[in-house]
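Breakdown of the fold
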There are 2 protein chains.
Amino acid sequence: MQNSFTEENYLKIIHALSGREGHEVSTNALAESTSTRAASVTDMLRKLAEKGLIHYKKYQGVRLTESGEKVAINVIRKHRLWEVFLVEKLGFGWDEVHDIAEELEHIPSDHLVERLDAFLGHPRFDPHGDPIPDAKGNLTEPDYFILTEVQIGEKVRMMGVLDHAPSFLQHLDRAGITLGCLIEIKEINEYDKSASVQINENHTLFISLEVSKNLLVQRR
Amino acid sequence: MQNSFTEENYLKIIHALSGREGHEVSTNALAESTSTRAASVTDMLRKLAEKGLIHYKKYQGVRLTESGEKVAINVIRKHRLWEVFLVEKLGFGWDEVHDIAEELEHIPSDHLVERLDAFLGHPRFDPHGDPIPDAKGNLTEPDYFILTEVQIGEKVRMMGVLDHAPSFLQHLDRAGITLGCLIEIKEINEYDKSASVQINENHTLFISLEVSKNLLVQRR
DNA sequence: AAAAAAATTTAGATTAACCTAAAAATATAT
DNA sequence: ATATATTTTTAGGTTAATCTAAATTTTTTT
Ligand SMILES: [Mn+2]
Ligand SMILES: [Mn+2]
Ligand SMILES: [Mn+2]
Ligand SMILES: [Mn+2]
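The model shown is predicted, which means the values in this text are computed figures rather than measured ones.

What counts and what doesn't
- Residues numbered from 1 in each chain as written.
- Chains lettered and ligands numbered in written order.
- Predicted model: local features only at pLDDT ≥ 70, side-chain atom pairs only at ≥ 80, totals over all residues.
- Heavy atoms only, no water.
- Donors = N, O, S within 2.8 Å, 3.2 Å for Na, K, Ca; no water.
- Helix = DSSP H or I, 4+ residues; strand = E, 2+ residues; numbered from the N terminus.
- Buried < 20%, exposed > 50% of the residue type's maximum accessible area, 1.4 Å probe, protein only.
- Pairing = 2+ DSSP bridges.
- Contact = heavy atoms within 4.5 Å.
- Axes fitted to C-alpha atoms, helices over the stretch in contact; angles between N-to-C directions.
- Near = heavy atom within 4 Å.
- Polar contact = N/O pair within 3.5 Å; in protein donor to acceptor, adjacent residues only side chain to side chain.

1. Comments concerning the coordination of the manganese ion (ligand 1)
Residue and element names in this part refer to chain A. On the protein side, the manganese ion (ligand 1) has His79 (NE2), Glu83 (OE) and His98 (ND1) as donor atoms, found 2.0 to 2.1 Å from it. The distance between the manganese ion (ligand 1) and the manganese ion (ligand 2) comes to 3.5 Å, with Glu83 serving as a donor to both metals. Residue Glu83 is located in helix α4 (residues 66-89), and its partner His98 is located in helix α5 (residues 98-104); the two are separated by 15 residues in the primary sequence. Overall, the relative accessible area of 1% leaves Glu83 in the buried class. With relative accessibility at 32%, the residue His98 sits in the partly exposed group.

2. Some words on the sheet that holds strand β8 (residues 215-219) of chain A
All names here are of chain A. Taking strand neighbours across the sheet as the criterion, the six strands line up as β3-β8-β4-β5-β6-β7 in an open arrangement whose pairing is antiparallel. Edge positions in the open sheet fall to β3 (145-146) and β7 (203-207), since each of these has one partner strand only. In the sheet, strand β6 (residues 195-199) pairs with β7 via five bridges, with the strands oriented antiparallel. Residue pairing for β7: Ile199 is matched across the bridge by His203. Helix α7 (residues 166-175) contacts β4 (155-161), β6, β7 and β8 of the sheet and is inclined by roughly 150 degrees relative to β4.

3. Considering the protein's contact with DNA strand D
Near DNA strand D lie 21 residues; those nearest to it are Ser4, Ser40 and Lys47 of chain A together with Tyr56 and Lys58 of chain B. Sugar plus phosphate, as a fraction of atoms of DNA strand D within 4 Å of the protein: 75%. At 2.5 Å, a side-chain N or O of Ser40 of chain A approaches a phosphate oxygen of DNA strand D. Of all elements in the fold, only α1 (5-17) and α3 (38-50) of chain A together with α2 (27-34) and α3 (38-50) of chain B reach the threshold of two or more residues within the surface near DNA strand D. No other element matches α3 of chain A, which puts five residues into the surface near DNA strand D.

4. Some remarks on the side chain of Ser196 of chain A
All names here are of chain A. Positionally, Ser196 belongs in strand β6. In this structure Ser196 comes out as buried when scored by relative accessible area, which is 7%. Once you skip the residues sitting within four places of it in the chain, Ser196 turns out to touch Glu184, Ile185, Lys186, Glu187, Thr204, Leu205 and Phe206.

5. Some points on the protein's contact with DNA strand C
Around DNA strand C lies a shell of 21 residues, among which Tyr56 and Lys58 of chain A together with Ser4, Ser40 and Lys47 of chain B are the nearest. In the model, a base nitrogen of DNA strand C is placed 3.0 Å from a nitrogen or oxygen of the Asp43 of chain B side chain. Contributing elements (two or more residues each) for the surface near DNA strand C: α2 (27-34) and α3 of chain A together with α1 (5-17) and α3 of chain B. Ranked by residues supplied to the surface near DNA strand C, first place goes to α3 of chain B with five residues.

6. Describing the environment of Lys47 of chain B
All names here are of chain B. Residue placement: Lys47 occurs in helix α3. According to the relative accessible area criterion, Lys47 is partly exposed, its value standing at 39%. With 40 residues separating them in the primary sequence, Lys47 and Glu7 have C-alpha atoms 8.9 Å apart.

Rendered as structure tokens:
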């Protein structure tokens, strides 16, 4: 039997919330993320456990089984490939694609995903810098730093975002901070930890701590 | 409020069954097409009427309202555009795309459809020769002939199919009958109405009445 | 180690989309 | 014009995914 739209969303969210160590996810955390009530989550957890997609013991939180992990990663693969399509082929902005990809990720055809992947040239990262799992389900999170960890004088490359909200992405657009751009920390204000940064050895601007906290970068 | 996947399918099917004159569609015909029971159809008709998408009087069949027609045509537009995408960009065969397009047609984003349309170069016809409604909802069915109406000696162009079943399309592939190809009727067997036809002034072959009945062609 | 607080589950409803069986309306045949 | 057959609707259920309110379990605080 097939997994429903709703089931796939639960698995994807459990995957996201359980982190790289795959620790237990609580009922309340899921209620928050799915915008439902805890009681509804409990019902769904019983069903997912029944189908062998999660490990679930009452009151103890949940983890994905191997089979659940496989489903979750496939949904993530589809989400990110569709986002690449929307940005690279249809010309959407990176701030516009998430909601559409939330729908497209549930279209059920392996054949479609593999052809889409090939059409896009087997991209490794989505428009937000998130890694795309391969067809076998291997997903390797590159280990980037958060910009707040970078020292004055260091030059780093912008590789991703932690916040995917359109308003944050639009803010980056206005600041000229795009995926792959060079960032040099010129100065950090002691008072509010805001920073003066130079983008692409070019223009200089101030960014708040809030922004720094959500930028993933790579040392070179 | 938005229309559900199921509601959209009903509207699309009512559109298809009511023909170009937009005549009444019966409950049983809808039950047949939706693979549900008549009682379920009645339930849905009450709901669609409630929403102002159909004209419905008990026992009298249904017709689309203007608003229902608009929704139906938009779904058809999306279906056909996605089919073009799947064939032209992803390299699927025309026999493989219908079921995937059945899912994609319900992705709800006007922005997406318009960008997809532009990306595909505003195609006028889908891979089966069916016309694609424009962004304003204008859908003009070209008036083609059925191959059975064509006389011996006539040369016509293949413009579409009435049967969209994968098995029929694959049969045409094997016979080398593709959209746009030239067909000349060489001979018609009185006994079973099978025909000997020449494709692209090239190879000759026999086709059954069953095949002729499902080929749409244009006189030149 | 109680008591209090927080998290989670259970109980009992609701809504959309389906179902079967029975009743009612319409169409067809004698 | 009746009787018969067909079509359609109504009545009463089911399942998935949600809800609120109440009960239970776990965690935290005193
Ligand atoms: Mn996304
Ligand atoms: Mn993304
Ligand atoms: Mn189709
Ligand atoms: Mn088609």
